[in-house]
Amino acid sequence: YLTAQNNIRKYLQDIKDWTLKNDLTLNAEKTTTTLFTPDPAEYSTQLTLTIDNTLLPTVTHPKILGLTLDPKLTYNKHISITTDKTKTKLKLLKALTSTTWGKSKETLTTTYKALIRPHLEYANTIYSPIISPTQYNKLQVIDNTAKRIITGCTKDTPTQHLHDETSMLPIQQHYKLHASILRQKAAHTQHP
C-alpha cells in the first residue's frame, strides 16, 4: 500500500492544480480514500493522503452514485444493502394481494418492475461479471419471492415455472442481457 500511496500523492496535487486552473473547487472535506486490495490484513489501513493540508479519511465501503464498493471489490456490501431494500418493498407487493380482493398478475408484475426490479438492476453491468454465485443466489431469492407473490404460486413451485409464468428471465440471465446490450451500444460508432 505504501507504493500506491506514494504514487498517488503527486497526482493529488495535479488534480488540485487542474481544478484551480478550470475555476473549480475541490472540497477536501468531502473527499475520501479507499485502499482496494486482495489482502485482508490491509483492509483497516489508514492512508495518509492530504489535499490543502487536510487529511483525507480512509473509508472501507465508499458509496459512489449509489454503488457501494469494498476493498476486495466483491460487492458483498452492495448486494446486502440491495437485498435489504428490496425485502421491505416486497411487503408492499404482498399487501397488494388478497384472497378477497387484490390486483391482477399483470398489475403486480408492473408494480414489481417499477418499484423492486430497478433496485436489483441498478449498476449490475459493473458488478455482475465478478460477483460470486452466493451473491447471485441472494438476488435470485428476492426475484423468486416476488414472482411467487405475483403468481400466487407456493414455495414448492419450480423456479422455471415462475420465470415462464411472469415472462421474466432469471437474474443472472437478465444481467447478461443488460451487459450484452451495453456492449452493443458502446460498439456502435454513433453512440456518444
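What counts, and at which threshold
- Residues numbered from 1 in each chain as written.
- Predicted model: local features only at pLDDT ≥ 70, side-chain atom pairs only at ≥ 80, totals over all residues.
- Heavy atoms only, no water.
- Salt bridge = Lys/Arg side-chain N within 4 Å of Asp/Glu carboxyl O.
- Helix = DSSP H or I, 4+ residues; strand = E, 2+ residues; numbered from the N terminus.
- Buried < 20%, exposed > 50% of the residue type's maximum accessible area, 1.4 Å probe, protein only.
- 1 Å grid on protein atoms, 1.4 Å probe; cavity = no way out; pocket = protein on both sides within 12 Å on 5 of 7 lines; lining within 4 Å.
- Points joined across faces, edges and corners; volume = space filled by probe spheres on them.
- Nonpolar A, V, L, I, M, F, W, Y, C, P; charged D, E, K, R; others polar.

**Student:** Describe the pattern of salt bridges, with residues and values.
**Tutor:** Scanning the entire structure with this criterion turns up 4 salt bridges. Linking Asp-52 and Lys-16 is a salt bridge whose minimum nitrogen-to-oxygen distance equals 2.9 Å. Here Asp-52, found in the loop between strand S1 (50–51) and strand S2 (54–55), pairs with Lys-16, found in helix H1 (residues 2–21); they are 36 residues apart in sequence, far enough to count as distant. The class for Lys-16 is buried, based on a relative accessible area of 12%. For Lys-105, the salt bridge is made with Glu-165, and the minimal N-O distance between the two is 3.6 Å. With Lys-105 in helix H3 (residues 105–115) and Glu-165 in helix H7 (residues 159–166), this pair connects stretches of sequence that are 60 residues apart. A relative accessible area of 29% places Lys-105 in the partly exposed class. Residue classification places Glu-165 among the partly exposed positions, given a relative accessible area of 27%. When salt bridges with common partners are traced through the structure, they connect Arg-117, Asp-143 and Lys-147 into a single cluster.

**Student:** Describe empty space enclosed by the protein, and please don't skip the residues or the numbers.
**Tutor:** Following the criterion strictly, the structure yields 1 cavity of 30 Å³ or more and no others. If you add up the space inside the largest cavity, you get close to 30 Å³. In terms of lining, the largest cavity is formed by Thr-34, Leu-35, Glu-42, Tyr-43, Thr-45, Thr-58, Val-59, Thr-60 and Pro-71. Classifying every residue of the lining of the largest cavity gives 4 nonpolar, 4 polar and 1 charged.

**Student:** Talk me through the environment of Tyr-11; I want residue IDs and the actual numbers.
**Tutor:** By secondary structure assignment, the location of Tyr-11 is in helix H1. Sequence-wise, Tyr-11 and Leu-26 are 15 residues apart; in three dimensions their C-alpha atoms are separated by 14 Å.

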